[in-house]
Structure formats: structure tokens, C-alpha cells
Amino acid sequence: MNFWEYLGTRHQQLLVDAYQHASAVFQCMVVATLIGVVVGVVTYRTAWAANLATLTTSTILTMPSLALIGLLIPVVGLGVAPTVIALTLYGLLPITRNAIVGLRGVDPALVDAARGIGMSRTMRLLRIELPLAWPPILTGIRVATQMLMGIAAIAAYASGPGLGNEIFRGLASLGSKNALNQVLAGTLGIIVLALLFDAAYVLIGRLTIPRGIRD
Amino acid sequence: MSGKDDDGRDGGYGPHGPGTDGLGAGKPDVGGLDLDGPEGLDGPDGLGPPDDGTARPAPPPPARRSPLSRIGWQRLTLLPALLILLLLATWLWFQQAHLDTISTNAISGGQVTKALWQHIQLTVISTFFVLIIAIPLGVLLTRRAFRKATPIAMTIANMGQATPAIGLLALLVIWLGTGTKAALIGIIVYAVLPVLANTIAGLKANDPTLVEAARGIGMSPLGVLGRVELPLAVPLILAGVRTALVLNVGTATLATFGGGGGLGVLITTGITNQRMPVLILGAVLTISLALLVDWLASLAEVLLRPRGLEVEA
């Protein structure tokens, strides 16, 4: 069976895996973005808090994903739970750090002007600071998504969902004719998903970055 | 935003100044690539203190300091202390944990030491090869004759980043058979790209007037490279080394799926046999090793940085 025949006969299974992969990454990214931006907003004005947030998230990112998933298994069991927790944790660093750096990079004169025309603290944050800090945050989201694509594949070993199962099935049946097809389908599927997500982020950037700061 | 940051993918890899590199360079699975989006906006003063952002007072002025005092005592002691606590806690827990035959079999006879040693070997050997491939290649790609090829190399590097490490490793195992060789090649291939990107970014970020000046006083191209360009790019190259080390510790855990050994063996044995003590032991050792390697590399980053480039407080 060559690769195309394999895709033809297994496309349903593959599509389900791809959908689950994308959906797991997407949902974890939404959660990670919310937490990351909130942490950024809460900490960026205090040096030690911002440093602590960055240090914590970067320590998490230093841990190899298989080890972190392994540590989560005794606590939450196998399956979706360790996958979701690990993906969200790993997604936090790029977003939190970029949120902090982005928010700090906003020209204080602009914030001052906003205060001068009578905007409240919340209004300043929502209408001035966050829109201006959005491009770096979006970059953080893109970087995090790409990373999570690969980590989600590893999470399949802990019975997580997604295309990683295809790769591990291939590894389990090394030597059989389908091993290469399975690994190839899983790997290429993840690359395609990563590129699709990336294209989507470019589009989101076009639509959401305020016109005044586009380059 | 500077030009090269405009599409985020490039931005991901771009130069990160000494001001912040320690915060993010050298994380597994990302490489140094996540740092840069904001820096284009913000400059290296983004996050205050250099390196890993431990909450510590502003560094003392750089004048008359021995190399060791470049590192605050907090960063010298904090992480090792935490690691010792972590390992001690694991050990104490292990003493009272119930170990059945399967668990005992999995960890007896020096298997833990062997796995740890294999893991360290995988990391060190792969890092060595990553450096001798990526740094000369980066230097070559920034020379005038090859400069046209730089965007192509960067594009390939970015595409490679989308490849899942486990998929790459599995393909190599099918191609080369199980064993250490496939694992090593996989680890190397996976880490070459971020380090290459870091080196290119570092050499490109050098102030062109300095290179011009060096050329103007009659230095040979080799002299300019060796005495001006490379020393100036040292912080970024070191950040790349750190990236490679930490990435490799992480990818080396996957070597077990290709029969390459390492601490991943303990983790996967623990998962497949549902023996939590084995799993936890493997995971704790892997995490400790990763944090330790990152800490050592961060010390090296500070110690080896040319003195003229020290960040003024």
C-alpha cells in the first residue's frame, strides 16, 4: 500500500485525529491566551511581579514535555486531562512574556494623554494599552500554537487525542508495511495543521491590529 | 517595528538583545524564537534585569568586578537549592513508596544511573554536533557571497520548526532502524535550526559601522570576523547554545521511542506498566536535569559575555 492509498483508505480516521488535534490545540490556546494576558495585565506594572511571572512560565517551558505530562498522570490520570493541562501550561510563556513586554512598550505619553481626556483606568487598558500591545501578543500566540502542535503529538502517548496517535501507532508496528505511512501521515498532518493555523493568525492580525500601528 | 519583525515568523527568530535574552532563550521546543516579537517594538530594555529575571536588585555597576561577581549570589544558589529540595523530597517519598516486582525490576541494577548517563551523553554529543554545524553555517550564510541564501535558509528553518520532534524521530527510526544513531540524528536536526537562526540574527544585528570601521583600519575579512563580528555576536550565540542544550535535553527524552535509551525509558516504562513510582522518578530526574542544564548555560552566558558588552545598570 503506498502513501496515497493509505490516505484513501484511512482518511476518516485521519480526519478525526486531525480535527481532535486542532481542536485540542485551539482550545488550550484560548485558555492560555486568556490566562497569559490577564497575568500580563496584572503584573506588568510591578517589576518583581512581572519577573516572577516570566521566571515561573519559563521554568515550566524548560521542563521536557514528556516529563511534565508524566508528572501529571499520577495526579489527573491518563487521557484528555494531562494533555489539556500540559498544553495550556506550555502555551503560557510566550503569551505572558509578550503581553508584559508589549504592555510595557506602550508610550507613556499616550497613556497620559488618555488620562488627560478623562479615560478611566479600565478604559485606558482596553482602548489604548491592549490594542497597542496586541501585535506582540499575537506573535506570542503564533509561537505558542506552533509549539503546542508538537507537544500535543507527544501527549498522545499518555492517551491524549490527535495525530500523535498515528505516529505512535507507526512506532508500535515498526517493520510492518504501514508503519511508514502512519508516521508520515501523522507528521505531515501536524505540519499542515501548523501552517493552516499560522495562515489564520496572519489573517487575524490583518483584521485586528489597529490600522494606525500596522506596518 | 523593525523591518524583519513584520511577519512574526521572522520576528520569532530575530535578535534578542542581552537585556532580555536570558528570559526566554533556550526553552525546549521553541528555541529562542519566541522572544522577539515584542523587542521590535520595545528594545532590549523590555524586561529590566538581564538573564533569568529572578527578582533581584539592579546589578552593581560593572566597574572592577571579578568574573564571578558578575553573577549575583541569588542566582548561584536559588536553583541548586530548589533542585536539591526536589530531589530530596523525591528520595524521601521513594523510601516509603510501595514498590512491587515490576517497579523494582525497572529501576534495579543501576538502570537509573545508566538511563541518566545515556541521557547526558545524548545531550552533550548532540549539542556538540549542533554547534559545529550551526555556527560555521551561520557565519558562512552571513558572508557577502552567500548573503542571498540567508532568506532561504531562514525559511527552511521556520518550516522545520513546524515539524513535530516525535514525528521526525519516528521517520528517522524507520529509515535508519532503532538505536542511538537515529535518536542522535533526530535530536541534532531538530536543534540545528534554532541555533542557526540565532547565529545569523546575532551576526546581522551587529552595528555595520563597526564592521566598516574595522575594515577601514585595514583588517582582513578574517580579522574582521574573528576580532569584531564574532565577539560582538557572542551573547546571541551563547543564547543559541543554551537553546540547543535545553532543547536537546527535552528531545532526548523521546529517544526511548526509537530505542535510544535515556531517562525517557523510565517515563515510558512507568506509563505503559502503570507504575507511578518509576514514572515519577523518571520525570523528576528529567526535569531536574533540564533545569540544571539551563542554569549552567545561563551562568556560562554571563561569564563568557565580552566585558565590553556588559549591560550597564
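Worth saying up front: this structure is predicted, and the values here are computed from it rather than measured. (Residues numbered from 1 in each chain as written. Chains lettered and ligands numbered in written order. Predicted model: local features only at pLDDT ≥ 70, side-chain atom pairs only at ≥ 80, totals over all residues. Heavy atoms only, no water.)

**Remarks on the overall build of chain A**
So, step 1. For chain A, the helix and strand inventory stands at eight helices and zero strands.
So, step 2. Secondary structure elements in chain A, listed N-terminal to C-terminal, are α-α-α-α-α-α-α-α.
So, step 3. Scored against the burial criterion, the 215 residues of chain A give a buried share of 57%.
So, step 4. Long-range pairs, those at least 24 residues apart, make up 75% of the contacts in chain A with a sequence separation of at least 6.
So, step 5. Here chain A displays about 9200 Å² of accessible surface, and carbon together with sulfur accounts for 69% of that area. (Helix = DSSP H or I, 4+ residues; strand = E, 2+ residues; numbered from the N terminus. Buried < 20%, exposed > 50% of the residue type's maximum accessible area, 1.4 Å probe, protein only. Contact = heavy atoms within 4.5 Å. Areas by Shrake-Rupley, 256 points an atom, 1.4 Å probe, with all protein chains shown as cover.)

**Examining the overall build of chain B**
So, step 1. A count of helices and strands for chain B gives 13 helices and zero strands.
So, step 2. Long-range contacts, defined as pairs at least 24 residues apart, comprise 77% of the intrachain contacts of chain B with a sequence gap of at least 6.
So, step 3. For chain B, the exposed area adds up to about 13400 Å²; of that, 69% sits on carbon and sulfur atoms.

**Examining the pattern of salt bridges**
Residue and element names in this part refer to chain A.
So, step 1. In the structure shown here, the tally under the stated rule is nine salt bridges over all chains.
So, step 2. Residue arginine 169 is joined to glutamate 166 by a salt bridge in which the shortest nitrogen-to-oxygen separation is 2.9 Å. Of this pair, arginine 169 and glutamate 166 both sit in helix H7 (residues 164-172), three residues apart, roughly one helical turn.
So, step 3. Residues participating in the shared-partner salt-bridge network are Asp17, Glu166 and Arg169. (Salt bridge = Lys/Arg side-chain N within 4 Å of Asp/Glu carboxyl O.)

**Quick notes on the packing of helix H3 (residues 65-76) of chain A against helix H13 (residues 276-304) of chain B**
So, step 1. Viewed as axis vectors pointing N to C, H3 of chain A and H13 of chain B meet at an angle of 145°, and their least axial separation amounts to 8 Å. Classified by chirality, the crossing of H13 of chain B by H3 of chain A is left-handed. In this structure, H3 of chain A contributes Ala67, Leu68, Gly70, Leu71, Ile73 and Pro74 of chain A to the contact, and H13 of chain B contributes Met276, Leu279, Ile280, Ala283, Val284, Thr286 and Ile287 of chain B.
So, step 2. Grouping the amino acids of the contact of H3 of chain A with H13 of chain B by side-chain chemistry returns eleven nonpolar, two polar and no charged. (Axes fitted to C-alpha atoms, helices over the stretch in contact; angles between N-to-C directions. Left-handed = near helix turned anticlockwise from the far one by under 90°. Nonpolar A, V, L, I, M, F, W, Y, C, P; charged D, E, K, R; others polar.)

**Comments concerning the environment of leucine 168 of chain B**
So, step 1. Along the polypeptide, leucine 168 of chain B turns up in helix H8 (residues 165-176).
So, step 2. A residue is classified by how much of its surface remains accessible, and leucine 168 of chain B, at 18% relative accessible area, is buried.
So, step 3. Along the chain, leucine 168 of chain B and glycine 186 of chain B lie 18 residues apart, while their C-alpha atoms are 6.4 Å from each other.
So, step 4. Excluding residues within four positions of it along the chain, leucine 168 of chain B makes contact with Thr187 of chain A together with Thr163, Gly186, Val189 and Tyr190 of chain B.

**Considerations on the nonpolar core**
Most often, soluble globular proteins have nonpolar side chains that are buried together.
So, step 1. Met29, Tyr90, Ile95, Ile137 and Leu148 of chain A together with Ile166 and Leu254 of chain B are the most contacted members of the largest nonpolar core, which has 97 residues in total.
So, step 2. Ranked by residue count, the leading element in this core is helix H6 (residues 121-155) of chain A, at 15 residues.
So, step 3. Excluding residues within four positions of it along the chain, leucine 148 of chain A makes contact with Val25, Cys28, Met29, Leu87, Tyr90 and Gly91 of chain A.
So, step 4. Val249, Leu281, Leu285 and Leu289 of chain B belong to the second-largest nonpolar core, a separate cluster that totals 17 residues. (Core = buried A, V, L, I, M, F, W, Y, C linked by side-chain atoms within 4.5 Å.)

**Some remarks on the packing of aromatic side chains**
Each aromatic ring pair is characterised by the separation of its centres together with the angle its planes make.
So, step 1. On inspection of all chains with the given rule, the structure shows six aromatic pairs over all chains.
So, step 2. On the numbers, 4.9 Å between centres and 70° between planes, the contact of phenylalanine 168 of chain A with phenylalanine 257 of chain B is edge-to-face. Taken together, the residues phenylalanine 168 of chain A in helix H7 and phenylalanine 257 of chain B in the loop between helix H11 (221-252) and helix H12 (264-272) connect one chain to another. Each member of the pair, phenylalanine 168 of chain A together with phenylalanine 257 of chain B, is buried. (Phe/Tyr/Trp six-rings, centres within 6.5 Å; stacked < 30°, edge-to-face > 60°.)

**With respect to the packing of helix H6 (residues 111-142) of chain B against helix H9 (residues 180-205) of chain B**
Residue and element names in this part refer to chain B.
So, step 1. H9 packs onto H6 with a crossing angle of 40° between their chain directions and a minimal axis gap of 7 Å. Judged by the twist between their axes, the crossing of H6 over H9 is right-handed.
So, step 2. Each residue belonging to the contact of H6 with H9 can be placed in one class, and the counts come to 20 nonpolar, five polar and one charged.

**Some points on unusual backbone geometry**
So, step 1. For serine 159 of chain A, which is not glycine, the phi dihedral falls at a positive 60°.
So, step 2. Serine 159 of chain A sits in the partly exposed class, given a relative accessible area of 44%.

**Some points on the side chain of aspartate 294 of chain B**
So, step 1. Among the structural elements, aspartate 294 of chain B can be located in helix H13.
So, step 2. Looking at aspartate 294 of chain B, its side chain comes within polar contact range of the side chain of arginine 242 of chain B, at 2.7 Å. (Polar contact = N/O pair within 3.5 Å; in protein donor to acceptor, adjacent residues only side chain to side chain.)

**Side note on the side chain of threonine 145 of chain A**
Residues and elements named next belong to chain A.
So, step 1. With respect to the helices and strands, the residue threonine 145 is situated in helix H6.
So, step 2. Its relative accessible area of 2% is what places threonine 145 among the buried residues.
So, step 3. A polar atom in the side chain of threonine 145 sits 2.7 Å from the backbone oxygen of isoleucine 141.
So, step 4. Not counting residues within four places of it along the chain, the set of residues in contact with threonine 145 comprises Val25, Met29, Phe197 and Tyr201.

**A word on H7 of chain A**
So, step 1. Of all nine residues in H7 of chain A, seven are buried; the element is thus mostly enclosed.
So, step 2. Residues Gly164, Asn165, Glu166, Ile167, Phe168, Gly170 and Leu171 of chain A constitute the buried set of H7 of chain A.
So, step 3. Against helix H1 (3-43), H6 and helix H8 (178-208) of chain A together with H8 of chain B lie the buried residues of H7 of chain A.

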